[in-house]
Amino acid sequence: MKLLFSSLFVITTQFAIVEAVEVNIIDHGAIPNDGKDDTLAIRKAFDAVAKANGGTVVIPKGLFLVSRQKSETPILSIPSETTVRGEGNQSILKYDSKVNESNFWRMLGSSTSCKNIVIHSLHFDGSNTFPKYEKGKTPEQNHGIFFYCKTGPIENVTVRDCSLENFSGDCVSFSQGCRNFTIRNVTVKNFIRQGIQMGGGVGDGGHLVTECKDLEHTVQPGGTTIHVEHAEGAKDFRIINNRCRKSLLAGGGAEGLVVRDNIIHGRIEGNSIKNGLFENNTLTAGDGKRPLMQFGYANGLTIRGNTIKAADSEATGIYVWGTSRYNPEPSKRITIEDNRLELKGQPIYLNGVRGCKIQNNTIIGSEAKTEVRKSRTECEVGFE
C-alpha cells in the first residue's frame, strides 16, 4: 500500500508539472483593436502565471496598447518559468503614442532575477515618430524587449520568431546579469539606437544571436544592427548567420567572442576583444572611406576567411590598432589569414600591433603601394 501511494504521488506531481497553466490576456480584460490601454489586463495575466509557478501567457491576434503606468522597468515583467506566446505577426504589442513625450519606457522583460523564459511569435511596435537620433531630444532609452539585473542572474531566455520595429531606443536589449540567452529568427526595423544590444559583466554571457536580420529602414538608425558593448568580464558571445543592413559592432571587453557567417551591408567594428574569432563573414559597400573591418585593443584575435568588398578608393579593408592615447598597450596575438579583399584602397593596415601573423590572403584590385601598411608594428607577412 505504501508503495502504491508513493507511485501515485510521483505520477500526480509529474502530471502537475506537465499541465502548466495557460492564460489568455483577453480573459483578464485585454480587448484587441479598441484603442484603449491594455497594460493592467496584461499584467494580470502575468500575475496569474506567477501565482501558478509558471505557464504560458497567450497574446492572441490583434493590437494591444502598452503604456508606462509609473516608472516601471520594464512595464510588463515576466516571471520565471514563463512562455509568452503570440500567433505570429498579427499579435501586436504596441506602445501608446505618449512614448514620444518621455524616456525610459521598456516594454517586456525583467529587471529582477528569473530563469527559463521563452518569448515567441510576437510583433512589437515602439510607436516612434523621431526620424533620427538627436542628443537631448530623442528618447533613446525607450526599448522593446529589455532584460537587466544587478542583484541576481537572469538565466536561460529564448526570444524567437519575433519582429520588432519603431523603437527610439533598442529593439532588443540585455546586459547586466544576463546568462544563456538565445535570440533566433528575430527581425528588427526602424530602430534609432541599436537593433539587438548585448552587454554584461563577470559571470554573464553564453549568448547566441542567429538567423536575425533588419529590414529596410525609413528612419536613420544611430547605431548598429547587432551590438556588443560594456561587456568587460562577460564571456562567450556567438553572433552567427545573421543579415545586417547596418553595421555590426562586437567587443566591449567580451572574451571568447565569435562572429561567423554573417552578411553585412556595412562594417564590422570591435574594441577590447579578448580571444575573438571573426570568420567567414561577407562585407559589402562599407561606410564611405572608413575601414570595413576595424579592431582596437585586441589580445587574441583571428580574422579568417572573410570576403570584403569596397568601392571607395580610400576605404581600408582590415584595420587593427592598439597603442594610442586611449590605451598604452599594443594589440597582440593577431592572425589575419585566408581572407579575400576586393578593393581599390589599402587592403590591411596595422597600427600599434605586436605579434601579428598575416598569411594566405587574396588581394584583388588594390591600388595601394603595399598590401600591408605597418606603423609601430611587428608581424610576419605572407600572401598568395
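The preceding data block contains the structure.
The model shown is predicted, which means the values in this text are computed figures rather than measured ones.

Cut-offs and rules
- Residues numbered from 1 in each chain as written.
- Predicted model: local features only at pLDDT ≥ 70, side-chain atom pairs only at ≥ 80, totals over all residues.
- Heavy atoms only, no water.
- Pairing = 2+ DSSP bridges.
- Helix = DSSP H or I, 4+ residues; strand = E, 2+ residues; numbered from the N terminus.
- Buried < 20%, exposed > 50% of the residue type's maximum accessible area, 1.4 Å probe, protein only.
- Contact = heavy atoms within 4.5 Å.
- Expected span 1.5 Å × (residues − 1).
- Salt bridge = Lys/Arg side-chain N within 4 Å of Asp/Glu carboxyl O.
- Disulfide = S-S within 2.5 Å.
- Phe/Tyr/Trp six-rings, centres within 6.5 Å; stacked < 30°, edge-to-face > 60°.
- Lys NZ or Arg CZ within 6 Å of the ring centre and 35° of its normal.
- Core = buried A, V, L, I, M, F, W, Y, C linked by side-chain atoms within 4.5 Å.

This paragraph deals with the pairing of strand E34 (residues 348-364). Strand direction decides the pairing type here: strand E31 (residues 318-321) and E34, joined by four bridges, are parallel. By the bridge assignment for E34, Val-320 is matched with Leu-350. Two elements, strand E32 (residues 331-337) and E34, share six bridges in a ladder whose sense is parallel. Each residue of the ladder has a partner; that of Ser-331, found in E34, is Val-353.

Its place among the elements puts Gly-152 in the loop between strand E10 (143-147) and strand E11 (154-160). With a relative accessible area of 18%, Gly-152 lands in the buried category. Residues Gly-152 and Cys-178 lie 26 residues apart in sequence; the distance between their C-alpha atoms is 8.9 Å. Residue contacts for Gly-152: discarding those within four places in its chain leaves Ser-113 and Gly-177.

Bringing helix H2 (residues 39-51) into the picture now. Helix length check: H2, at 13 residues, gives a terminal C-alpha distance of 18 Å against a target of 18 Å (1.5 Å per residue), a fit within 8%. By the burial criterion, the buried members of H2 are Thr-39, Ala-41, Ile-42, Ala-45, Phe-46 and Val-49. Positive phi shows up at Asn-53, right after H2, with a value of about 60°.

With that out of the way, let us pick up the pattern of salt bridges. Scanning the model with the defined rule gives 16 salt bridges in all. Note that Asp-96 and Lys-98 form a salt bridge whose closest N and O atoms lie 3.3 Å from each other. Note on Lys-98: relative accessible area 39%, which makes it partly exposed. When the shortest N-O distance is used, the salt bridge between Glu-279 and Arg-304 registers 3.1 Å. On the criterion of sequence distance, the pair formed by Glu-279 in strand E26 (residues 274-279) and Arg-304 in strand E29 (residues 299-304) is long-range, its members being 25 residues apart. A relative accessible area of 13% means that Glu-279 is categorised as buried. If you follow the salt bridges from partner to partner, you end up with Arg-260, Glu-279, Arg-304 and Glu-337 in one network.

Moving on to the side chain of His-120. Inspection of the secondary structure assignment puts His-120 in strand E8 (residues 114-120). Once residues within four sequence positions are removed from consideration, His-120 is found in contact with Thr-83, Val-84, Arg-85, Gly-86, Arg-160, Asp-161 and Cys-162.

Once that is clear, we can look at unusual backbone geometry. Put simply, Thr-73 and Pro-74 share a cis peptide bond, and its omega is 5°. Within the secondary structure, Pro-74 is located in the loop between strand E3 (62-66) and strand E4 (76-77). Of note, Tyr-297 is a non-glycine position whose phi angle comes to about 55°, a positive value. With respect to the helices and strands, Tyr-297 occurs in the loop between strand E28 (293-296) and E29. Phi at Arg-333 is positive, roughly 55°, even though this residue is not glycine. With respect to the helices and strands, the residue Arg-333 is situated in strand E32. Here Arg-333 falls in the partly exposed class, since its relative accessible area comes to 48%.

Right, let's talk about the environment of Leu-63 for a bit. Its location among the elements puts Leu-63 in strand E3. Since its relative accessible area comes to 25%, Leu-63 is described here as partly exposed. Through-space distance from the C-alpha of Leu-63 to that of His-123 is 9.3 Å; in sequence the pair is 60 residues apart.

Right, let's talk about the state of the cysteines for a bit. Summed over all chains, the structure comprises zero disulfides. Distance from the sulfur of Cys-178, which forms no disulfide, to the nearest cysteine sulfur (Cys-149) is 8.1 Å.

This brings us to the packing of aromatic side chains. The geometry of an aromatic ring pair is captured by the separation of the ring centres together with the interplanar angle, meaning the angle of the planes. Taken as a whole, this structure holds eight aromatic pairs when the rule is applied. When the centroid spacing of 6.4 Å and the interplanar angle of 20° are considered together, the rings of Phe-146 and Tyr-148 count as stacked. Chaining the aromatic ring pairs together yields one cluster made of Tyr-95, Trp-105 and Phe-167. Positioned above the aromatic ring of Tyr-133 is the side chain of Arg-193, whose terminal nitrogen or guanidinium carbon lies 4.4 Å from the ring centre. Against the face of Tyr-349 rests Arg-373, its NZ or CZ located 4.2 Å from the ring centre.

Let's shift gears to the environment of Arg-243. Here Arg-243 shows up in strand E21 (residues 243-244). C-alpha separation for the pair Arg-243 and Thr-187, spaced 56 residues apart in sequence, amounts to 9.6 Å. Beyond its immediate chain neighbours, meaning those up to four positions away, Arg-243 contacts Cys-212, Lys-213, Asp-214, Thr-225, Asp-261 and Ile-263.

Another aspect to go through is the nonpolar core. Core analysis: the largest hydrophobic core is formed by 89 residues, its most contacted members being Ile-119, Phe-124, Phe-147, Phe-278, Ile-336 and Leu-350. The leading source of residues in this core is E34, at six residues. For Ile-119, the contacting residues outside a window of four places in its chain are Ile-78, Val-84, Leu-108, Phe-124, Ile-145, Phe-147, Thr-158, Val-159, Arg-160 and Cys-162.

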